[in-house]
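# Fold and contact review
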Amino acid sequence: RRWRATTRSTGTPRRSPATGATAPGSATKVLLAFQSIGVVYGDLGTSPLYTYSGTFPGGIRHPDDILGVLSLILYTLILLPLLKYVFIVLYANDNGDGGTFALYSLISRYAKIRMIPNQQAEDASVSNYSIPEPSSQTRRAQWVKQRLESSKAARIALFTVTILGTSMVMGDGSLTPAISVLSAVSGIREKAPNLTQLQVVWISVAILFLLFSVQRFGTDKVGYSFAPIILVWFVLIAGIGAYNLAAHDATVLRALNPMYIVDYFRRNGKQAWLSLGGVVLCTTGTEAMFADLGHFNIKAIQLSFSFIIFPSVALCYMGQASYLHKFPQDVADTFYKSIPAAMFWPTFIVAILAAIIASQAMLSGAFAILSKALSLGCFPRVQVVHTSKKYAGQVYIPEINFLVGAASIVVTLAFQTTTNIGNAYGICVVMVFSITTHLMTVVMLLVWKKNIAFIAAFYVVFGATEMLYLTSILSKFAEGGYLPFCFSLVLMALMATWHYVHVCRYWYELDRIVPAAKLAALLGRPDVRRVPGVGLLYSELVQGVPPVFPRLVDKMPSVHAVFVFMSIKNLPIPRVAAAERFIFRRVGPAEHRMFRCVARYGYTDQIEAAKDFSDSLLDGLKLFVHEEAAFSCSQHTDDNDGDGALRAAQAAAAEEEKRFIDAELERGVVYLTGEADVVAAPGSSLIKRIVVNYVYTFLRKNL
């Protein structure tokens with residue numbers, strides 16, 4: 001029999017294709033833009049605390065080097081955060097959600113690249129599953145689709161790049177608090193020079209401990225309420241920048257001429273190239289614009305960045321350059337040295353708060369991305385706490401919070417200076433940029449079907465720029481740059497192990513589904529009774545009868561009067577409407593009253609409570625019975641016009657079956673799950689036995 005989706009028309013407002021939310025008005029856009037300042041831009045806004053010291057670790061050798069670096073900073077901010085992210089990448093959202101996994105899930109809807117074979121034709125009928133495509137179907141897009149689907153190496157490469165990007169964002173989540181808080185706290189030595197660096201480090205550790213302790217309260221309580229503080233921070237750094245320009249040397253505005261970049265490289269050669277690892281720190285937090293997009297919308301991000309964040313940060317860097325042109329010896333602590341004396345303590349207090357909020361923004365993005373990986377079967381099942389009833393994307397993962405917090409504190413104690421942490425931080429930032437560029441190129445080819453010249457220009461300009469920065473920062477591998485690679489390798493190994501065994505297990509069960517003849521024989525056994533109530537047997541298979549069912553009947557020779565083979569399936573989209581949640585199929589003849597049901601969820605959807613779930617499930621089942629009878633009647637009407645008696649009999653049988661389902665529901669719903677031990681096949685390699693028998697088993701039993 002055909003699969004049929006239980007769908008009904010609803011009277012919900014039209015949703016914006018960009019965000020999946022009701023299209024906001026002008027006032028709402030301005031409000032969202034204001035709120036985004038507190039959630040998204042803390043990291044980008046605190047980058048002036050450490051960018052110049054990271055660029056000139058050995059001091060300034062020539063007065064015009066300041067102009068060259070300022071020019072590099074300004075054009076890097078224009079090229080990467082502004083042009084690439086704000087005006088291009090944000091549009092590649094997955095129904096309003098951003099991040100590397102959102103790009104991966106977007107690609108997976110246009111090409112069958114997912115390793116688990118649970119795609120169904122009905123999935124494409126979900127209202128926000130596909131994005132409106134351009135009218136012209138190009139051969140190039142079809143060629144890319146065929147190559148991705150036919151090449152296992154290409155699918156593995158895409159998955160590997162995606163989990164690498166996720167691992168780097170998690171590394172970012174541990175390094176952002178360390179560098180932001182340490183650089184903010186270091187300013188206290190301006191007023192308390194007797195403090196040692198070790199004492200500053202321990203003060204930072206205390207603040208970090210407090211920061212990770214309050215994560216369980218959620219972004220809406222920790223982040224949104226601090227939007228005014230971050231706004232004050234941007235006003236402060238812009239004002240201090242303007243003051244320094246007026247008080248010291250306004251001629252640094254000459255750096256708007258990009259020729260100073262050329263002169264800088266001619267004069268310094270290899271040293272100029274090495275300094276790019278410090279320059280790129282001015283873009284830290286850029287990925288948060290994309291990762292946190294689900295909390296806001298594109299216009300809000302564009303408004304806040306273009307009219308508040310970019311002018312404020314640019315003015316701050318110009319002011320610092322003006323100060324350094326006059327006092328180059330202060331480059332190790334440019335930000336606090338350049339603050340007017342009367343403004344020091346207010347700025348110091350706001351800097352500490354801004355550093356905490358910056359850390360919160362990156363952690364929120366990391367939690368959100370990891371929850372998407374979890375729902376797509378790419379991460380062990382850990383507890384995900386939804387901290388906001390209003391915003392589904394705001395989540396907190398206790399185990400990950402503990403591990404990231406511990407890593408951040410260990411990094412702070414081990415490295416002790418922002419220069420060494422900056423070397424590790426820069427690699428995370430640029431690697432995420434590069435991965436986004438590569439995934440974006442696939443999106444442009446496959447989904448957007450853009451002109452090949454535009455795609456080539458995008459890839460060459462941004463890819464080459466990011467590669468230049470990456471080669472520079474990798475030169476500092478031994479000076480802290482190894483840290484994110486170690487962190488990412490561990491996280492990638494964990495994710496790859498889980499996904500690999502998860503896929504193997506799915507294929508194993510799929511190859512052993514119970515044939516119809518065997519199912520009929522099981523139910524026909526004299527010792528098997530039909531007992532009252534509704535039974536839900538859970539399995540990850542979305543088709544066929546799972547192999548655990550015969551074992552259930554052998555252990556407990558009874559089957560409930562209404563029996564449903566149940567699967568919870570995550571689609572590669574953020575949300576699935578409640579009316580489109582369930583698809584049903586009848587298993588065997590009607591008198592068996594056995595069904596297959598797939599409950600579909602997006603990666604930001606929350607599963608309902610048991611009572612609500614069973615009520616909606618049985619409502620959907622009754623609707624399916626009704627629609628099945630109506631469909632059968634329409635077929636008979638076409639074949640035998642006027643066969644009214646048959647139609648009436650089918651309608652009566654459907655009503656009787658619906659009453660039977662209601663009666664059995666009153667007798668109770670029983671949830672059945674099978675526990676499976678996964679072991680490597682005999683003759684497997686040593687590595688495979690270790691991965692499957694020990695690593696995967698440890699993860700499954702302890703997370």
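You'll find the structure just up there.
The notes below deal with the structure included here. (Residues numbered from 1 in each chain as written. Predicted model: local features only at pLDDT ≥ 70, side-chain atom pairs only at ≥ 80, totals over all residues. Heavy atoms only, no water.)

### Observations concerning the overall build of the chain
Along the backbone of the chain there are 25 helices and eight strands. The buried share of the chain, taken over its 703 residues, is 56%. Long-range pairs, those at least 24 residues apart, make up 83% of the contacts in the chain between residues at least 6 apart in sequence. Within the structure as shown, the chain displays about 29,000 Å² of accessible surface, and the carbon and sulfur contribution to it stands at 63%. (Helix = DSSP H or I, 4+ residues; strand = E, 2+ residues; numbered from the N terminus. Buried < 20%, exposed > 50% of the residue type's maximum accessible area, 1.4 Å probe, protein only. Contact = heavy atoms within 4.5 Å. Areas by Shrake-Rupley, 256 points an atom, 1.4 Å probe, with all protein chains shown as cover.)

### Re the pairing of strand E7 (residues 594-601)
Among the eight residues of E7, eight are classified as buried, and the element is accordingly described as predominantly covered. The two faces of E7 match: Met-594, Arg-596, Val-598 and Arg-600 on one face and Phe-595, Cys-597, Ala-599 and Tyr-601 on the other face are all buried. Examined bridge by bridge, strand E5 (residues 558-570) and E7 share eight bridges and lie parallel to one another. Across the sheet, Asn-570 pairs through a bridge with Tyr-601, a residue of E7. Of the strand pairs in this sheet, strand E6 (residues 582-587) and E7 are connected by six bridges, and their pairing is antiparallel. Bridged to Phe-582 within E7 is Ala-599. The turn linking E6 back onto E7 is made up of six residues, and Gly-588 within it adopts a positive phi angle of 80°. (Pairing = 2+ DSSP bridges.)

### What to know about unusual backbone geometry
Look at Gln-416: it is not a glycine, yet its phi comes out positive at around 65°. Structurally, Gln-416 is set in the loop between helix H17 (398-415) and helix H18 (418-448). Overall, the relative accessible area of 27% leaves Gln-416 in the partly exposed class. Unusually for a residue other than glycine, Lys-449 sits at a positive phi of about 55°. Looking at the element boundaries, Lys-449 is found in the loop between H18 and helix H19 (452-474). A relative accessible area of 12% means that Lys-449 is categorised as buried.

### Considerations on the side chain of Ser-304
Checked against the element boundaries, Ser-304 lands in helix H14 (residues 298-326). The class of Ser-304 is buried, set by a relative accessible area of 1%. At 3.0 Å, the side chain of Ser-304 and the side chain of Tyr-41 are in polar contact. Polar side-chain contacts of Ser-304 include one of 3.1 Å to the backbone oxygen of Ile-301. Ignoring sequence-local partners within four residues, the contact set of Ser-304 consists of Ala-33, Ser-36, Ile-37, Tyr-41 and Ile-309. (Polar contact = N/O pair within 3.5 Å; in protein donor to acceptor, adjacent residues only side chain to side chain.)

### Some details on the environment of Ala-520
Among the secondary structure elements, Ala-520 is positioned in helix H21 (residues 516-523). Taking the C-alpha atoms as reference points, Ala-520 and Gly-588, 68 residues apart in sequence, are found 7.7 Å from one another.

### Thoughts on empty space enclosed by the protein
Summed over the entire model, instances satisfying the criterion amount to five cavities of 30 Å³ or more. Here the largest cavity is characterised by a volume of approximately 50 Å³. What lines the largest cavity is simply Tyr-104, Arg-114, Met-115, Ile-116, Leu-376, Cys-378 and His-499. A per-class count over the lining of the largest cavity returns five nonpolar, one polar and one charged. (1 Å grid on protein atoms, 1.4 Å probe; cavity = no way out; pocket = protein on both sides within 12 Å on 5 of 7 lines; lining within 4 Å. Points joined across faces, edges and corners; volume = space filled by probe spheres on them. Nonpolar A, V, L, I, M, F, W, Y, C, P; charged D, E, K, R; others polar.)

### Overview of the pattern of salt bridges
Taken as a whole and judged by the stated rule, the model has 20 salt bridges. The salt bridge partner of Lys-658 is Glu-655, with a shortest N-O separation of 3.2 Å. Here Lys-658 and its partner Glu-655 are both found in helix H24 (residues 644-666), three residues apart, which amounts to about one turn of the helix. According to the relative accessible area criterion, Glu-655 is partly exposed, its value standing at 34%. The network of salt bridges with shared partners includes Arg-586, Arg-593, Glu-628 and Glu-657. (Salt bridge = Lys/Arg side-chain N within 4 Å of Asp/Glu carboxyl O.)

### What about a nonpolar patch on the surface?
There is a patch of nonpolar side chains on the surface, built from Leu-686, Ile-690, Tyr-694 and Val-695 and spanning about 400 Å² of accessible area. Relative to the elements of secondary structure, Val-695 occurs in helix H25 (residues 686-702). On the basis of relative accessibility, which here comes to 33%, the residue Val-695 falls in the partly exposed class. (Patch = residues over 30% accessible without salt bridge, like charges linked within 9 Å, V, L, I, M, F, W, Y side chains within 5 Å.)

### Some details on H17
The terminal C-alpha atoms of H17, which comprises 18 residues, lie 26 Å apart, in line with the 26 Å expected from a rise of 1.5 Å per residue. Within H17 the residues assigned to the buried category are Ile-400, Asn-401, Val-404, Gly-405, Ala-407, Ser-408, Ile-409, Val-411, Thr-412 and Phe-415. Gln-416, located one to two residues past H17, shows a positive phi value of around 65°. (Expected span 1.5 Å × (residues − 1).)

### Focus on the packing of aromatic side chains
This structure, assessed with the given rule, holds 27 aromatic pairs. Plain terms: the ring middles of Phe-344 and Trp-345 are 5.2 Å apart, the flat faces sit at 85° to each other, and that makes the pair edge-to-face. On the basis of relative accessible area, Trp-345 is assigned to the partly exposed category, the value being 44%. The aromatic ring of Phe-454 is capped on one face by Lys-450, whose charged end is 5.8 Å from the ring centroid. Directly above the ring of Phe-660 sits Arg-593, whose terminal nitrogen or CZ lies 4.1 Å from the centroid. (Phe/Tyr/Trp six-rings, centres within 6.5 Å; stacked < 30°, edge-to-face > 60°. Lys NZ or Arg CZ within 6 Å of the ring centre and 35° of its normal.)

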